[in-house]
Amino acid sequence: MAVFFDTIVICSLTAFIIILYDNFYQASEDGIQLTQVALSSHVGEWASIFLAITIFFFAFSSVVGELLLR
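Residue positions are counted from 1 within each chain, in the order its sequence is given. Predicted model: local features are reported for residues with pLDDT of at least 70 only, side-chain atom pairs are reported and counted for 80 or more only, and whole-chain, interface and lining totals are derived from all residues. As a rule here, side-chain values come from all non-hydrogen atoms in the structure, and water together with hydrogens is ignored.

(A) Focus on the overall build of the protein. Counting from the N terminus, the helices are the DSSP runs of H or I reaching at least four residues and the strands are the DSSP runs of E reaching at least two. Scanning the protein from N- to C-terminus turns up 3 helices and 0 strands. Along the protein, helices and strands appear, N-terminal first, in the series α-α-α. Throughout, the radius of gyration refers to the C-alpha atoms, and the reference size of a globule is 2.2 Å times the residue count to the power 0.38. Taken against the 2.2 N^0.38 rule, which gives 11 Å for 70 residues, the C-alpha radius of gyration of the protein at 14 Å runs more than 25% over that of a compact globule. On the principal axes, the C-alpha backbone points of the protein span a range of 45 × 25 × 20 Å.

(B) The packing of helix H2 (residues 31-43) against helix H3 (residues 46-69), seen in detail. Convention adopted: a line fitted to C-alpha atoms gives each axis, helices being fitted over their contacting stretch, and angles between N-to-C directions are expressed from 0 to 180 degrees. Between H2 and H3, the shortest axis-to-axis distance is 7 Å and the interhelical angle comes to 140°. Regarding the angle of H2 to H3, the classification is oblique. Between H2 and H3 lies a crossing of right-handed hand. Taken together, the residues of H3 that come into contact with H2 (itself represented by Ile-32, Thr-35, Gln-36, Leu-39, Ser-40 and Val-43) are Trp-46, Ala-47, Ser-48, Leu-51, Ala-52 and Ile-55. Note on terminology: angles under 35 degrees are roughly parallel, angles over 145 are roughly antiparallel, angles of 65 to 115 are roughly perpendicular, and the others are oblique. Note on convention: near helix rotated counterclockwise from far helix by under a right angle means a left-handed crossing. Clockwise means right-handed. Only heavy atoms matter for contacts: two residues are in contact if any of them lie within 4.5 Å across the pair.

(C) Looking closely at the UniProt feature "transmembrane region" (unreviewed entry) in the protein. UniProt positions are given in the numbering used here, feature names are shortened, and annotations may be inferred rather than shown by experiment. When the UniProt feature table is mapped onto this chain numbering, "transmembrane region" (unreviewed entry) sits at residues 7-26 and 46-69. The span residues 7-26 carries 65% helix and 0% strand; its end-to-end C-alpha distance comes to 27 Å. Within residues 46-69, the helical portion is 100% and the strand portion 0%, while the C-alpha atoms at the span's ends are 35 Å from each other.

(D) Main features of the packing of helix H1 (residues 2-19) against H2. Axis separation between H1 and H2 bottoms out at 8 Å; the angle between their running directions is 70°. The orientation of H1 relative to H2 falls into the category roughly perpendicular. In this structure, H1 uses Thr-14, Ile-17 and Ile-18 to contact H2, whose residues at the interface are Leu-34, Thr-35, Ala-38, Leu-39 and His-42. By residue class, the composition of the contact of H1 with H2 is 5 nonpolar, 3 polar and no charged. Put simply, Ala, Val, Leu, Ile, Met, Phe, Trp, Tyr, Cys and Pro go in the nonpolar bin, Asp, Glu, Lys and Arg in the charged bin, and everything else, Gly too, in the polar bin.

(E) A look at the packing of aromatic side chains. In this analysis, rings of Phe, Tyr and Trp, with Trp reduced to its six-membered ring, are considered paired at centre separations within 6.5 Å, and the interplanar angle assigns stacked below 30 degrees, edge-to-face beyond 60, and tilted for intermediate values. Within this structure, the stated rule accounts for 3 aromatic pairs. Clustering of aromatic rings is evident, with ring pairs tying together Phe-56, Phe-57 and Phe-60.

(F) A look at the side chain of Thr-35. Structurally, Thr-35 is set in helix H2. Beyond its immediate stretch of four places on either side in the chain, Thr-35 contacts Thr-14, Ile-18 and Leu-51.

(G) Just the layout of surface pockets, in detail. Only protein atoms enter the 1 Å grid used here. Points where a 1.4 Å probe fits but cannot escape make up a cavity, open sets with protein on both sides within 12 Å along at least five of seven lines make up a pocket, and a residue lines them when an atom lies within 4 Å of a point. Grid points are joined across faces, edges and corners, and a volume is the space filled by probe spheres set on the points. There is about 490 Å³ of room inside the largest pocket. What lines the largest pocket is a set of 16 residues, and nearest its centre among them are Ile-10, Thr-14, Leu-51, Thr-54 and Ile-55. Elements with a contribution of two residues or more to the lining of the largest pocket: H1, H2 and H3.

Here it is in structure tokens:
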């Protein structure tokens, strides 16, 4: 279920946020920077900070999960 949620829901929503960004074709950013700029244009400046914290916790939980599986 987690794979479905991550692949279908999160990735699709991220793609929609980027595609609906007004300056998508003129953006000089790539990857997470483009996602942060696009999300900030949709919901406000606080979104880039929220996204950075979310990515940090995702990376942290991945590292902890990998260490616990060893």
